[in-house]
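Fold and contact review
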Amino acid sequence: MAERGQQPPAKRLCCRAGFGAAFRPGQRLPAPCVGGVSAAAAGRTHSPESLLDIAARRVAEKWPFQRVEERFERIPEPVQRRIVYWSFPRSEREICMYSSFNNGVEEASSGGESSDEQRLPFRRGIALLEGGCVDNVLQVGFHLSGTVTEPATPSEAELLCNVSVSFDRCKITSVTCSCGNKDIFYCAHVVALALYRVRKPEQVKLRLPISETLFQMNRDQLQKLVQYLITVHHTQVLPTAQKLADEILSHNSEINQVHGAPDPTAGASVDDENCWHLDEEQVQEQVKLFLSQGGYHGTGKQLNLLFSKVREMLRMRDSNGARMLTLITEQFMGDPRLALWRHQGTDMTDKYRQLWDELGALWTCIVLNPHCKPEQKSLWLKLLRRWSSVDVCPLEEGNHGNDLTNLTNVLPQVAPDLLSHPHRTVFTRAIEACDLHWRDPHLQRIITGDHYTHYCYHDDVDSALFDARGWPLWREHVPTACARVDALRSHGYPREALRLAVAIVNTMRALQHTQLELYRAHKKELLHRGLTSITNMEGWVGHPLDPIGTLFSTLMETRRGFEEGAALDCSGTNALHCFNNGESLVSLAVETALMGLGQQRAMPDGLYAQEKVCRNEEQLLAKLQEVRLDDTLVKVFRKQTLFLLEGNCCKFSPEAQSPDVGYPFISELQVLKVCCPALCPAAGPYSALGEILYRESVPMHTFAKYLFTSLLPHHADLAYQTALRAMRLPVLESSIGGSDLSRPHHMVSVMPNRFPRWFTLSHIETQQCELASTMLTAAKGDAGKLQTVLESIQKNIHSSAHIFKLAQDAFKISTLMDSLPDLTLLKVSLELGLQVMRMTLSTLNWRRREMVRWLVTCATEVGVFALDSIMQSWFTLFTPTEATSVVANTVMSNTTIVRLHLDRHQQENLATSARTLALQCAMKDPQNCALSALTLCEKDHVAFETAYQIVLDAAATNMSYTQLFTIARYMEHRGFPVRAYKLATLAMTHLNLSYNQDTHPAINDVLWACALSQSLGKGELAAVIPLVVKSVKCATVLSDILRRCTLATPPMVAAHNRRNSGKPTLLDKAPLRQLLDATIGAYINTTHSRLTHISPRHYSEFIDFLGKARETFLMAQDGHAQFTQFIDNLKQIYKGKKKLMMLVRERFG
């Protein structure tokens, strides 16, 4: 970071004794300047540290130098030097924090950094320092200056930068660099100079503040100093020097009204805020830039890094953390996209929404700072309320309101206006957290006491504050209590966070035991009712405060600190009592995650809130999967799983409002009596794996899959019981299975006043499918378990696509190449396939044909009895078309016969079933199945005759001419010309070709039918011509038929009837005379129709048409006369079309 202007004037005013009424405390006689003694040099001799250095270091850390001067009348010069020496930061960690995104200076020396990391200012500063680029380093009082040379590169020349740094109480308070770089962080040149002072303090020239040096000069020396200064820097200093001289010489000037003069090297005044330098303008500009870029250029990553930087500052207890977050929030609130999205009614992007969530969580951490001053919290509360009141401020659960209780509301709300709560913004929880404090004595003993147990206190201590083992509990709304843990951890109090986290976990354990006892006491009545509502609308997983993730991270990070030898000293804390029973922080963390994941909670409203539940669950499971399971953790898994399976009790917030702290201090039983005096457990279940399940409860498929794979090698029966219980998805159930008391794990419940739209249902069903697939894979070879899993799938999965996927998975697993087929699993696959067929039989599904083919393949693998079974019950599985075109054809194919090694008897049985199926399909759907039925029945005369009769019966009403012509051609191809002729004549009765349909696809069929009838004899031809005349009105088609009929019978057709002599048929005799007259009439009618709306561009085409008409007219004995008369009529009727008639006369006379 580089300042663009001059440093602001120092607030400190320093004056010489004897001038003015105020005398400077601690005035000294002139003494020669001496360089500072290095502590590092003293350290090399391993000599004890002097009392002067110890005292000077403490004073330099805590006291502003002005207070030191005011406190003591005379300060010896050596003391001043040591205070000035120790006032510079001694750790590189803060310098790293303000010059890179990395979290700690220990990364500076790690190898293998990426190119992006190498470009960070901190690493570049180290490179400059180690390259000897820092020179002319001088410390004058509380001011450090020097020059840093940037080496030349192929693209840039060498750059000399003048750097100056002011500091106070071990903090850098301002920086200036001539490089001109604009960034949030300190530039590399500032880093290099600061690290030079930290690493090589003995090589830095140290002088007292410049005012001390001036005090030692007489008038001549002072005048010489000023004149030399003006001479050296006359272009910059001279105007200012003259202005100041004029003011000093003026008795009434403002400068003469105060005593002393500012000294930028004299350190901070008492009123100055002691904090590290942060360039607020650059923070605002960078955040605005990132927001303006939308989702491009990795801006989400950059903003997340800024949030991480805020957390790092909080962890270092740096006040700039809140200051930086305020600047970021102001820019977020000013994002113009918020108003645009609100105006358009569209949702913000998911990644942007997550940034707002992190913003709200950070503010909750800040206001819960245990050492926050009341006036500071009041200022933050004012800011938060102002932001929250803005119309465009994002809501906590996306664009949907929610019915969650207040953060400090500890009793369940059962009022009828539960759904009427106002919208909650992302800042609402931080605003509510401002009402919390840390003054409770019990809370203070938990976070500060090393051995705080019930046995340490024998006075009137409430037993509800401790568990049965005597360890303290913290009975507060769990997300609120975990927010305290996050605040302690974020503000650099890891031991206190760990103690409170363990107390919360113990409280959750105690609550779980109490709930189990209550459930056991009322189990019969609950199961008899089978109905329940739910009071826990706010689940721990997916909660805006992420309580379970906070507890898990706190416990696991402490464990990693032990393993890595970190400085965190938790020895003696009450957190480590858990090791006494063979437990560990890891087991506590795992148990906490299991309790949170298994909690029954209502599905929240809104797409984003539901996606957040899924995302948070997957994040927790990913963390759990990184933990290696040992015997202790397996016991934890078993214990928690049994609790979740049996402990189906109400999930109350066992809390009551304490008059002095605002959180609970009454027992679970008291809360239950308050909420449900008649029947406590009827208010709702606790475990999402319990026997009674709320209809809108978040499903447990993903969590159960993890439990199943973890428990399977150790407790297989428990693993299957858990996974089968979790297969439920009651939101898709159309009715309540309360009557099936023999299978209580299928019972569901309904809350009629709240049915949110399930936006993530597709994802949930996919997870349900994956859980079922995992069980099928694990159950291979175990017929009993496979049957149980199959029943669960059939009952709970409602998506045909997912059941089909499961069927395919089971088929693949059962037919692996390296092992013999698993017949039991194959049968499961077949059963699932049959269910898919039944589910999709009456619905449209683009994968239906694939499903049918796959089912036949699966049945083939199972055996001949499976093929016969699906053919016997085809009407419940397939459409008639599917049954004949796919099923029956595949069954009767040679491939199937070879694959199953069928003997003749088995082949005949299958063929009989296939023919029976084909006939049934033909009767049900003759239009689409008749031809397939005829094909399948070719080898059985009786069946073939039956199929043919079905076609004849359906021809009159149910079949189109296209279908009949197709079957007729099939008959002719198979050697049944008479039957083909019969079907062709039936088809002709359904056909109707108008005068302009000369390209109709049925024309070829008509020509074929006429040729067939001609080949069979004059009688057949005489019978078909009236049908043709009646059905065909197109002149060109009729003329084509007429010409074909006048030719000798083609040999390929004559083979059907040996009586045909092969002589041309006469046109003046029946039956062709009727066809000729019809053709001439069609030409006359068509001519008049075309002339009605003819345009000049169609004249040529019309003349050609008349030419074809003349050829047909001339086929009659008096055709020439008829055509001449026809042309004359045209000339008379259409004499107005002169050009056309002229063309007609030219062509036809």
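Residues numbered from 1 in each chain as written. Predicted model: local features only at pLDDT ≥ 70, side-chain atom pairs only at ≥ 80, totals over all residues. Heavy atoms only, no water.

The subject of this paragraph is the packing of aromatic side chains. Applying the stated criterion to the full structure yields 26 aromatic pairs. Plain terms: the ring middles of Trp 874 and Phe 875 are 6.1 Å apart, the flat faces sit at 80° to each other, and that makes the pair edge-to-face. Trp 874 sits in the buried class, given a relative accessible area of 3%. Measuring from centroid to centroid gives 6.3 Å for Phe 1123 and Phe 1126, while their planes differ by 50°, and the two rings are tilted. With Phe 1123 and Phe 1126 both in helix H49 (residues 1119-1133) and three residues apart, the pair spans about one turn of that helix. Its relative accessible area of 5% is what places Phe 1123 among the buried residues. Members of the aromatic cluster, connected to one another through ring pairs, are Phe 307, Phe 332, Trp 341, Tyr 352, Trp 356, Trp 363, Trp 380, Trp 387 and Phe 427. The ring centre of Tyr 352 lies 4.5 Å from the NZ or CZ of Arg 337, which sits over that ring. Across from the ring centre of Phe 1105, 4.9 Å away, lies the NZ or CZ of Arg 1090, which sits over that ring. (Phe/Tyr/Trp six-rings, centres within 6.5 Å; stacked < 30°, edge-to-face > 60°. Buried < 20%, exposed > 50% of the residue type's maximum accessible area, 1.4 Å probe, protein only. Helix = DSSP H or I, 4+ residues; strand = E, 2+ residues; numbered from the N terminus. Lys NZ or Arg CZ within 6 Å of the ring centre and 35° of its normal.)

Turning our eyes to something else, we now look at the UniProt feature "domain: SWIM-type" (unreviewed entry) in the chain. Following the UniProt record, the feature "domain: SWIM-type" (unreviewed entry) maps to residues 163-198 here. The distance separating the terminal C-alpha atoms of residues 163-198 is 16 Å; by composition the span is 31% helix and 36% strand. (UniProt positions renumbered as here; feature names shortened; annotations may be inferred.)

On to helix H50 (residues 1138-1148), then. The complete set of buried residues in H50 reads Leu 1140, Met 1141, Val 1144 and Phe 1148. Within H50, the buried residues cover an arc of 95° as seen down the axis, which keeps them to one side. Looking at H50, the residues exposed on the side facing more than 90 degrees away from the buried face are Lys 1138, Lys 1139 and Glu 1146. Those residues of H50 that are buried are in contact with helix H47 (1072-1092), helix H48 (1099-1113) and H49. Directly after H50, the chain includes Gly 1149, whose backbone phi takes a positive value near 85°. (Arc of directions from axis to C-beta. Contact = heavy atoms within 4.5 Å.)

Here the focus is the pairing of strand E2 (residues 134-140). As defined by bridge partners, E2 adjoins strand E3 (residues 143-150) across five bridges and the pair is classed as antiparallel. Residue pairing in the sheet places Gln 139 in a bridge with Leu 144 of E3. Where E2 hands over to E3, the hairpin turn is made up of two residues, of which Gly 141 adopts a positive phi near 60°. Pairing analysis gives three bridges linking E2 to strand E6 (residues 205-207), with the strands arranged parallel. (Pairing = 2+ DSSP bridges.)

Glancing now at the sheet that holds E6. Overall, mixed pairing links the five strands, which are arranged E5-E4-E3-E2-E6 in an open sheet. Lying at the two open borders of the sheet, with one neighbouring strand each, are strand E5 (171-177) and E6. Within the sheet, the average angular offset between the axes of one strand and its neighbour, ignoring direction, is 20°. (Axes fitted to C-alpha atoms, helices over the stretch in contact; angles between N-to-C directions.)

Mapped onto the elements of the fold, Gln 515 is located in helix H21 (residues 494-521). Judged by its relative accessible area of 3%, Gln 515 falls in the buried class. Each C-alpha atom of the pair Gln 515 and Phe 643 lies 9.8 Å from the other, and the pair is 128 residues apart in sequence.

What follows is about the pairing of E5. Within a regular beta strand, the side chains point alternately toward one face of the sheet and then the other, so they alternate between its two faces. Counted residue by residue, E5 has five buried out of seven residues, so it is predominantly covered. Two successive antiparallel strands, strand E4 (residues 159-168) and E5, enclose a turn made up of two residues, where Arg 169 displays a positive phi of approximately 50°.

So, about the side chain of Arg 197. If you trace the backbone, Arg 197 turns up in helix H8 (residues 188-199). A polar side-chain atom of Arg 197 sits 2.7 Å from the main-chain carbonyl oxygen of Tyr 85. Here the side chain of Arg 197 touches Gln 139 through a polar contact of 2.8 Å, side chain to side chain. (Polar contact = N/O pair within 3.5 Å; in protein donor to acceptor, adjacent residues only side chain to side chain.)

Moving on: the pattern of salt bridges. With the rule as written, the count across this model stands at 44 salt bridges. With a shortest N-O distance of 3.0 Å, Asp 809 and Lys 805 are connected by a salt bridge. With Asp 809 and Lys 805 both in helix H32 (residues 800-814) and four residues apart, this pair spans about one turn of that helix. For Arg 969, the salt bridge is made with Asp 1005, and the minimal N-O distance between the two is 2.9 Å. Residue Arg 969 is found in helix H41 (residues 961-973), and its partner Asp 1005 is found in helix H43 (residues 1003-1016); the two are separated by 36 residues along the sequence. Taken together, the salt bridges that share partners define one network made up of Arg 311, Glu 358, Asp 486, Arg 489 and Glu 557. (Salt bridge = Lys/Arg side-chain N within 4 Å of Asp/Glu carboxyl O.)

So, on to a nonpolar patch on the surface. A cluster of nonpolar residues, Leu 244, Ile 248 and Ile 255, forms a patch on the protein surface that exposes about 240 Å² of accessible area. Summarising the element assignment, Leu 244 is placed in helix H11 (residues 234-249). (Patch = residues over 30% accessible without salt bridge, like charges linked within 9 Å, V, L, I, M, F, W, Y side chains within 5 Å. Areas by Shrake-Rupley, 256 points an atom, 1.4 Å probe, with all protein chains shown as cover.)

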